[in-house]
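Read off the chains here:
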Amino acid sequence: MRKILGIYSAPRQHWVGDGFPVRTVVSHHDQGQHVSPFIMMDYAGPAVFGPTTQRRGVGAHPHKGFETVTIVYDGEVEHRDSAGAGGVIGPGDVQWMTAANGIVHEEFHSDAFARKGGAFEMAQLWVNLPAKDKSAAPGYQTLLASDIPVVELPNGVGRVRVIAGNIDAAKGPARTFTPINIWDVRLNRNKTATLDLPEGHTLTVVVLSGTVEINGEEVARDAQTVVFASEGGSITIEANGDAKLLVLSGEPINEPVVAQGPFVMNTVGEIKQAMLDFQHGKFGGIAAVEHA
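The present account deals with the structure reproduced in this document.

Criteria and cut-off values
- Residues numbered from 1 in each chain as written.
- Predicted model: local features only at pLDDT ≥ 70, side-chain atom pairs only at ≥ 80, totals over all residues.
- Heavy atoms only, no water.
- Helix = DSSP H or I, 4+ residues; strand = E, 2+ residues; numbered from the N terminus.
- Rg over C-alpha atoms; globule rule 2.2 N^0.38 Å.
- Contact = heavy atoms within 4.5 Å.
- Areas by Shrake-Rupley, 256 points an atom, 1.4 Å probe, with all protein chains shown as cover.
- Lys, Arg positive; Asp, Glu negative; His and termini not counted.
- Charge placed at Lys NZ, Arg CZ, Asp CG, Glu CD.
- Core = buried A, V, L, I, M, F, W, Y, C linked by side-chain atoms within 4.5 Å.
- Buried < 20%, exposed > 50% of the residue type's maximum accessible area, 1.4 Å probe, protein only.
- Pairing = 2+ DSSP bridges.
- Salt bridge = Lys/Arg side-chain N within 4 Å of Asp/Glu carboxyl O.
- Axes fitted to C-alpha atoms, helices over the stretch in contact; angles between N-to-C directions.

What the protein chain contains, in helices and strands, is three helices and 26 strands. Its C-alpha atoms give the protein chain a radius of gyration of 19 Å, near enough to 19 Å, the size a compact globule of 292 residues would have. Seen along its three principal axes, the alpha-carbon backbone of the protein chain occupies a region of about 55 × 45 × 35 Å. Put simply, of all contacts in the protein chain between residues at least 6 apart along the chain, 72% involve residues at least 24 apart. Carbon and sulfur atoms make up 49% of the accessible area of the protein chain, which totals about 12,200 Å². Computed over 23 positive and 32 negative side-chain charges, the inter-centroid distance for the protein chain is 3 Å.

Residues Trp-183, Leu-187, Val-212, Ile-237 and Leu-245 are the most contacted members of the largest nonpolar core, which totals 28 residues. Breaking this core down by element, the ones donating at least two residues are β14 (158–164), β17 (180–187), β18 (192–195), β19 (202–209), β20 (212–214), β22 (224–228), β23 (235–239) and β24 (243–250). Beyond its immediate sequence surroundings of up to four residues, Trp-183 is in contact with Val-160, Arg-161, Val-162, Ala-164, Asn-166, Ile-167, Leu-195, Asp-196, Leu-197, Leu-245, Leu-246 and Val-247. If you look at the next biggest cluster of nonpolar residues, it comprises 27 residues, including Phe-38, Met-41, Ala-123 and Val-206.

Residue position: Ala-220 is located in strand β21 (residues 218–220). Taking the C-alpha atoms as reference points, Ala-220 and Ser-209, separated by 11 residues in sequence, lie 9.8 Å from one another. Beyond its immediate stretch of four places on either side in the chain, Ala-220 contacts Val-207, Gly-210, Thr-211, Val-212 and Val-226.

Of all 11 residues that make up strand β11 (residues 118–128), 10 are buried, and the element is covered over most of its length. Summarising the sheet, strand β4 (residues 38–49) and β11 pair through nine bridges and their orientation is antiparallel. Within β11, the residue paired with Ala-44 across the bridge is Met-122.

Glancing now at the pattern of salt bridges. Evaluation of the coordinates by the stated rule reveals eight salt bridges. Of the charged contacts in the structure, one is a salt bridge between Lys-244 and Glu-121, with a shortest N-O distance of 2.7 Å. Of the two residues, Lys-244 is situated in strand β24 and Glu-121 in strand β11; the sequence distance between them amounts to 123 residues. Assessed through its relative accessible area of 11%, Lys-244 is described here as buried.

Side chains on a regular strand alternate between the two faces of the sheet. Along strand β6 (residues 66–74), eight of the nine residues are buried, which leaves the element largely enclosed by surrounding structure. Bridge analysis of β6 against β11 gives eight bridges, and the strand direction is antiparallel. Its bridge partner lying in β11, Val-72 is registered against Met-122.

With that settled, the discussion passes to the sheet that holds β24. Read across the sheet, seven strands follow the order β1-β22-β19-β24-β17-β14-β13 without closing on themselves; strand pairing throughout is antiparallel. Two strands close off the open sheet at either side, each with one partner strand: β1 (4–9) and β13 (150–152). Direction aside, neighbouring strands of the sheet carry axes that sit 20° apart on average. Direction of pairing for β19 relative to β24: antiparallel, over a ladder of seven bridges. Among the inter-strand pairings, Thr-204 is bridged to a residue of β24, identified as Leu-248.

Just geometry here; none of it tells us what the structure is for.
Below, the structure written as structure tokens:
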């Protein structure tokens, strides 16, 4: 089995804008190349918002050099960006934005969700791009719940939604720049799953809810992250109660990482250039719209 390198507890919750109470459960600053190509993951919620006529979320802000992957469990998120893409995603849907050469976007609760309020839960991953792809054109993928294959694990263990990568013949709909797997996993109480990921891939398991035992030796709970060695085969996960997990694996990008604010590049000079490009309007802008 793969060696467990560490179990990390999320720091205290903080707010991103006024719509996303998040805990940072994956961080390149803490786990480094052991989580490459993933740079960061924020887990928002679970929370309950009351009805409002105000817009809750984050206004226009830039990104460059990576991709954002937003997975909605409860509530609705509306996205618009300077490339002209956008839309509303709800429970089970995924928004995949490629910032690459530079983009400006905004993220808010949808108008409909804001008016009625309710349960809100989502996760956002930052996926690094190789140096050769950081200058690619920005892009956007809407991955609806109906587009994401569901694999039932044997013996009633649970199920896996394959957002990216594959399990056997089931292939996720996301188009990726490097080989990665993003699996939305649900395990049933007192069941044990054996998961096989590609040899040489980094492997990270984020526990969103529930308590699990990993490889029969370590226990992980809500908002804890388990980081594994990239060699060594399969892992086992036993759920003490019903559990919700994200399993992340990928071919590591063996390049320098310099991350500052909304930019992820390879050198400090490239970060400075990204800031200048944004300040000079090279990422474009988002047209104002009227909201009810």
